[in-house]
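Read off the chains here:
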Amino acid sequence: MKLEITGDWNEILQQEFDKEYFGKLSSFVKNEYNSETCFPPEKFIFKAFETCSFENLKVVIIGQDPYHGDGQAHGLSFSVPMGIKFPPSLRNIFKELSADLEIQVPFQGDLTGWAQQGVLLLNTTLTVRKSTPGSHQKLGWEEFTDSVIKTISDKKEVVVFVLWGKFAEQKTELIDSSKHYIITSAHPSPFSAHRGFLGSKPFSKTNDYLKSKGKKVIDWEL
């Protein structure tokens, strides 16, 4: 097992792959996948990057851990494969999407369609052990994904960063707000959605900003 990304991200992030911490992280992840049940499946660890190229990227939605239940995680933050029951946070995301854009709640939770339009659905930790949330945190993934966020901020312009919850909001220090648009609110989790996520209109705000900058908007309907 080798941790590597295909496509244009490979060259952009090559310096990270060469760092000592990433070598240690790769060894840890390889051992975990060999000895434990881990998510997402190995082939989907870098799906967020492989579905949304650096060149095409317009929006970043930051999550934390992948889902840790059977069949849920497939490499895109908040997304689940078609046919899988919506986790509570995704249910609230769709509730807000429907209210914000006055469209029907999607019938399935696969967000690949968003990623293909330039939405990087980035978890800050890209792997997790089954039924053990946080099990792969603070072992190198956060250093890697912080570098991804800073690289996007430094090398691109007019990107929308969607930061839901206090954990994601901490990433604002990595982002140059003079050339990007940052949207923050409470997390869509049932524990916090009613404290500022529901009614925050992140989808229309994203498209209004992209439109104002002459960029093609995201078709959020799935």
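1. Brief notes about unusual backbone geometry
And step 1. Along the chain, Phe39 connects to Pro40 via a cis peptide bond; the corresponding omega equals -5°.
And step 2. Of note in this structure, Glu102 is not a glycine but carries a positive phi near 55°.
And step 3. Tracing the backbone shows Glu102 in the loop between helix 5 (88–101) and helix 6 (112–116).

2. Observations concerning the pattern of salt bridges
And step 1. Under the counting rule described, the total for this entry stands at 6 salt bridges.
And step 2. Measuring nitrogen to oxygen at the nearest pair gives 2.8 Å for the salt bridge that ties Glu16 to Lys19.
And step 3. A relative accessible area of 38% means that Lys19 is categorised as partly exposed.
And step 4. Here Lys150 and Asp154 are joined by a salt bridge, their closest N and O atoms 2.9 Å apart. Of this pair, Lys150 and Asp154 both sit in helix 7 (residues 141–155), 4 residues apart, which is roughly one turn of that helix.
And step 5. Taking the relative accessible area as the measure of exposure, Asp154 reaches 47% and is therefore partly exposed.

3. Here we look at the pairing of strand 5 (residues 160–164)
And step 1. By the criterion of burial, strand 5 is predominantly enclosed, with 5 of the 5 residues buried.
And step 2. Here strand 5 shows two buried faces, one formed by Val160, Val162 and Trp164 and the other by Phe161 and Leu163.
And step 3. Note that strand 2 (residues 59–63) and strand 5 share 4 bridges and pair parallel. The partner of Val60 across the bridge, within strand 5, is Phe161.
And step 4. Bridge count between strand 5 and strand 6 (residues 181–185): 5 bridges; the pairing is parallel. Residue pairing for strand 6: Val162 is matched across the bridge by Ile183.

Criteria and cut-off values
- One numbering rule holds for all chains: residues counted from 1, following each sequence as written.
- Residue-level local features of this predicted model are given only where pLDDT is at least 70; pairs of side-chain atoms are given and counted only at 80 or more, and the full residue set underlies all totals for whole chains, interfaces and linings.
- Side-chain figures throughout are based on the complete set of non-hydrogen atoms in the structure, without hydrogens or water.
- For the purposes of this entry, the term helix denotes a DSSP run of H or I that reaches at least four residues, the term strand denotes a run of E that reaches at least two, and both are numbered from the N terminus.
- We define a salt bridge as a side-chain nitrogen of Lys or Arg found within 4 Å of a carboxyl oxygen belonging to Asp or Glu.
- Throughout, exposure labels follow a simple rule: accessible area from a 1.4 Å probe, protein chains only, divided by the maximum for the residue type, with under 20% read as buried, over 50% as exposed, and the rest as partly exposed.
- Being paired, for any two strands, means DSSP has found at least two bridges between them.

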